[in-house]
Amino acid sequence: MASLRMVLEKPWLWSFVGALVVWLATIAFTGGYGAGGMVTAALSLAVFTVIVGVGQMFVITLGPGNVDLSLPANIGLASAVAMKVMGGSDAMIVVGLLAALACGAAIGAINYLLIRALRIPPIIATLSASFIIQSVDISYGRGLQIKPPPGFADFTNWQVLGVPVLAMLTVVFTIGAALALQRMIYGRSVLAIGQNIRAAWLAGVNVGRIRFLTYTLCGALGGIDGALLAGYFRGANVDIGNEYLLASIAVVVIGGTSVAGGKANVPGVWGAGLFLVLLLTMLNTFGVSAGVRLVLTGLIIVGVITAAGGEKPVR
Amino acid sequence: MTAIAPGTVPKSSPRGSAARARMLRGLLPALSLALVLIAIAWLNPRAISYFGFNLMLNLAIPIALATIAQMFVIAGNELDLSIGTFVGFVGCVTATWLRDATLIGIVVLIGSIGVYALLGALIHLRNLPSIVVTLGMSFVWQGLAILVLPKPGGKAPDWLLAIMSFKPPYIPFPILAALLIAAVVHFGLMRTSYGVILRGSGGNAAALRRAGWSLLRTKVALFALTGLFGVLSGMALIGITTSADANIGNGYTLLSIAGVILGGGEFVGGRVSPIGAVLGALTLALAASPLLTFMHIPPDWQVAANGAILIIVLAARVLISRRER
């Protein structure tokens, strides 16, 4: 019994329950048709949300006000950079991925530089950066070869027994992220900063370096996400990352990470990512119009957040 | 930001220089606007005329109103990421129901202000992060806008068109409107006693609660004011563009936040300035399009110009603040 209660108290459980309920509701509607395909599709799409979600989670865990609003612009630019470097040739896939990673990491580093040098809240710093990145992307992406090499497109769409390979790799990556968060000095430092930045500093945590690393990491994940998205959807465009602003923040919060910082949860990001994707699939299956779908998505997100409730501020 | 910058011990400096730095800081929004105006005058002297201002500042009124809307939530240490799609929703209602079925239109618009007030209550009672709640709401408003007006179109009510095309003697209408908005909000928020309470809810909520004020009421009031000015912004926008589109206001979310910050507002501490916010909105409206056009910079870089102005002004503010310490 005690172990059952322990499981029930896990904050990430509810995101998986939500995903399951939505999935069951959809297959009840279709009479069981396409149940497996839906899971496959949900896994492939959730991957992109999970990757940026983990980055956003580390940033949000740094404490109140820490959030990366430049992710959509970052994803857009990195997808264009990756496709440009790959140039449609299979031999350049790895170089292109590295270029996207470097592009994202550079954006993350610039974000932190702005926060640090101008002493402005991360929201405004990442917002101003995203304005500039967006313009760079529009100007750079014009008339560009944006098709991925066939090998890369196949790789991002590759499935083994109905399970997307990309999803398997992302599971491995999230396990790594969970270990980094809970078992490594870096992760513990992030949590400590989120709980009390002054106490962490007094305890000898190199606050500046950890925050720099976290923003760079989040940027790099955005970059790699951009490249993978361009491969999966067989092309890059400026708006490819737009939906990931809400999605990245929503999966973090729905997944049980505290917005006040200092408490993070990696499994919840997966649960919430699946929940969001399945929710969209459900609404599409029900055949609702675009307007109703947007309204319901918004209301459900607000509803879930309300039900999950905020943390009482620790004094 | 709650970051405690380690090692920045306040330097003792003569009181006079600190006061001067504070004044300079207060003048920064006006200085940035003046700089943009001078640049425009230098590039194209003919633009500095009655008709020039009317054209260049055409869209400044809705931007200024949206910025004021954003300023109210920021005064309470919150952020509204849905103001853009809300302005779009209001625009769609204005161009359809407000013209064809005035009563329903009025009820819907007042109801949407009520929704904002409820959001404020929800955020306060459940202690929710406003960023996530308003991000979710941005989808709701966008969806409703599409439901009200599936295809771009509609038409603004005649009385609204008449108001927005008003041509007062000597002073261009956008400037007159900006002055009026700044004066009214400045008086309400900076010069009345409840305005002080509203700003206090962002400055020191605990002290306010101990003094017996309801924090729920201040949050509801701030969100309702945001809703009210969002409605005004959407109506003003449709009065200028004459027809609506569900995506018409999407850019306003980021513009409004940028405007508040340019105008000297801060994210925490209830430090906002209505006059600064209006000046910030005018700066962004001028710098984004007319200035770039006169400088022959392609429109691709419009958004970047906003970002760059934001960074430059914030950098200037840091330089001044360093002297203030």
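### Points about the overall build of chain A
Stage number 1. Assigned secondary structure in chain A consists of 14 helices and two strands.
Stage number 2. Computed over its C-alpha atoms, the radius of gyration of chain A comes to 19 Å, within 12% of the 20 Å expected for a compact globule of 315 residues.
Stage number 3. If one aligns the C-alpha atoms of chain A with their principal axes, the spans along those axes are about 55 × 55 × 35 Å.
Stage number 4. Every one of the 315 residues in chain A was classed for burial, and the buried ones make up 55%.
Stage number 5. When contacts within chain A are restricted to residue pairs at least 6 apart in sequence, those whose partners lie at least 24 apart make up 78%.

### Some words on the overall build of chain B
Stage number 1. A count of helical and extended segments in chain B gives 15 helices and zero strands.
Stage number 2. For chain B, whose C-alpha radius of gyration is 20 Å, the value lies close to the compact-globule estimate of 20 Å for 325 residues.
Stage number 3. Over its C-alpha atoms, taken along the principal directions, chain B stretches across nearly 65 × 55 × 35 Å.
Stage number 4. Per-residue burial for chain B yields a buried fraction of 52% across its 325 residues.
Stage number 5. Taking as baseline every contact in chain B between residues at least 6 positions apart, the subset at least 24 positions apart corresponds to 79%.

### Remarks on the interface of chain A and chain B
Accessible area lost upon the coming together of the parts is a frequently used measure of interface size.
Stage number 1. Contact with chain A, which involves 45 residues of that partner, is made by 41 residues of chain B.
Stage number 2. Of all the elements in the fold, those that place two or more residues in the side of chain A that touches chain B are α5 (93-118), α6 (122-141), α10 (197-202), α12 (244-254) and α14 (290-308) of chain A.
Stage number 3. With 13 residues, α14 of chain A is the largest single contributor of residues to the side of chain A that touches chain B.
Stage number 4. A breakdown of the residues in the side of chain A that touches chain B according to their chemical character gives 28 nonpolar, 12 polar and five charged.

### Some remarks on the nonpolar core
Stage number 1. If you look at the biggest cluster of nonpolar residues, it comprises 212 residues, and the most contacted ones within it are Ala250 of chain A together with Ala64 and Leu282 of chain B.
Stage number 2. At 15 residues, helix α3 (residues 35-61) of chain A tops the list of elements feeding residues into this core.
Stage number 3. Excluding its chain neighbours within four sequence positions, the residues that come into contact with leucine 282 of chain B are Leu33, Leu57, Ala60, Ala64 and Ala178 of chain B.

### Here we look at helix α13 (residues 266-285) of chain A
Stage number 1. Taking 1.5 Å per residue, 20 residues should reach 28 Å; α13 of chain A reaches 29 Å between its end C-alpha atoms and fits that length.
Stage number 2. Among the residues trailing α13 of chain A, glycine 287 of chain A stands out with phi positive, at a value near 75°.

### Some remarks on the environment of arginine 25 of chain B
Stage number 1. Inspection of the secondary structure puts arginine 25 of chain B in helix α1 (residues 15-43).
Stage number 2. Separated by 55 residues in the primary sequence, arginine 25 of chain B and aspartate 80 of chain B place their C-alpha atoms 25 Å from one another.

### Overview of the environment of valine 165 of chain A
All names here are of chain A.
Stage number 1. Topologically, valine 165 is positioned in helix α8 (residues 165-183).
Stage number 2. Take valine 165: there are 14 C-beta atoms within 10 Å of it, and that puts it in the partly exposed class.
Stage number 3. Every residue in contact with valine 165, bar those within four places of it in the chain, is listed here: Trp158, Gln159 and Val160.

### Remarks on the confidence of the model for chain B
All names here are of chain B.
Stage number 1. When pLDDT is averaged along chain B, the result is 86, and 94% of the positions lie at 70 or above.
Stage number 2. Below a pLDDT of 50 lies the segment residues 1-13, which in the model reaches 14 contacts outside its immediate sequence neighbourhood of four places, other chains included.
Stage number 3. Both scores are available for the predicted complex, with the pTM at 0.85 and the ipTM at 0.83.

### Some remarks on the packing of α12 of chain A against α13 of chain A
Residue and element names in this part refer to chain A.
Stage number 1. At a minimum axis separation of 8 Å, α12 and α13 run at an interaxial angle of 125°. Taken together, α12 and α13 sit at an angle that is classed as oblique. Here α12 and α13 pass one another in a crossing that is right-handed. Of the residues in α13, those in contact with Ala247, Ala250, Val251, Val252 and Ile254 of α12 are Val269, Ala272, Gly273, Phe275 and Leu276.
Stage number 2. When its residues are assigned to classes, the contact of α12 with α13 shows nine nonpolar, one polar and no charged.

### A few points about unusual backbone geometry
Stage number 1. Backbone geometry places leucine 161 of chain A, a non-glycine residue, at a positive phi of 55°.
Stage number 2. Classification of leucine 161 of chain A by C-beta neighbours within 10 Å gives exposed; the count is 5.

### A short note on helix α6 (residues 102-125) of chain B
What sets the pattern is the α-helix's 3.6 residues per turn: residues three or four places apart point alike.
All names here are of chain B.
Stage number 1. For α6, with 24 residues, the first-to-last C-alpha span of 35 Å sits near the 34 Å given by 1.5 Å per residue.
Stage number 2. Within α6, burial applies to Val108, Leu109, Ser112, Tyr116, Leu119, Gly120, Ile123 and His124.
Stage number 3. For α6, the secondary structure elements touched by its buried residues are α4 (83-95), α5 (97-100), α7 (130-148) and α12 (215-241).

### Some words on the confidence of the model for chain A
Stage number 1. Confidence in the prediction for chain A averages 87 pLDDT; 94% of positions are at 70 or higher.
Stage number 2. Ranking the elements of chain A by mean pLDDT puts helix α1 (residues 2-8) of chain A last, at 62, and helix α11 (residues 207-232) of chain A first, at 94.

### Some words on the environment of valine 73 of chain B
Residues and elements named next belong to chain B.
Stage number 1. Inspection of the secondary structure assignment puts valine 73 in helix α3 (residues 60-75).
Stage number 2. What makes valine 73 buried here is the crowd of 30 C-beta atoms within 10 Å.
Stage number 3. With sequence-adjacent residues up to four places away left out, valine 73 is seen in contact with Glu78, Leu79, Asp80, Ser130, Leu222, Phe223 and Thr226.

### Describing the packing of α3 of chain A against α13 of chain A
Residue and element names in this part refer to chain A.
Stage number 1. For the pair α3 and α13, interaxial distance at closest approach is 8 Å and the crossing angle is 135°. The angle between the axes of α3 and α13 places the two elements in the oblique class. Regarding α3 and α13, the two cross each other, and that crossing is right-handed. Every residue of α13 that contacts α3 at Met38, Ala41, Ala42, Leu45, Ala46, Thr49, Val50, Gly53, Val54 and Met57 is listed here: Val266, Val269, Trp270, Gly273, Leu274, Leu276, Val277, Leu278 and Thr281.
Stage number 2. For the contact of α3 with α13, the residue count by class is 15 nonpolar, four polar and no charged.

Thresholds, definitions, all that
- Residues numbered from 1 in each chain as written.
- Chains lettered and ligands numbered in written order.
- Predicted model: local features only at pLDDT ≥ 70, side-chain atom pairs only at ≥ 80, totals over all residues.
- Helix = DSSP H or I, 4+ residues; strand = E, 2+ residues; numbered from the N terminus.
- Rg over C-alpha atoms; globule rule 2.2 N^0.38 Å.
- Buried ≥ 20, exposed ≤ 12 C-beta atoms within 10 Å, placed from the backbone.
- Contact = placed C-beta atoms within 7 Å.
- Nonpolar A, V, L, I, M, F, W, Y, C, P; charged D, E, K, R; others polar.
- Core = buried A, V, L, I, M, F, W, Y, C linked by C-beta atoms within 7 Å.
- Expected span 1.5 Å × (residues − 1).
- pLDDT = per-residue confidence, 0-100.
- Axes fitted to C-alpha atoms, helices over the stretch in contact; angles between N-to-C directions.
- Parallel < 35°, antiparallel > 145°, perpendicular 65-115°, else oblique.
- Left-handed = near helix turned anticlockwise from the far one by under 90°.

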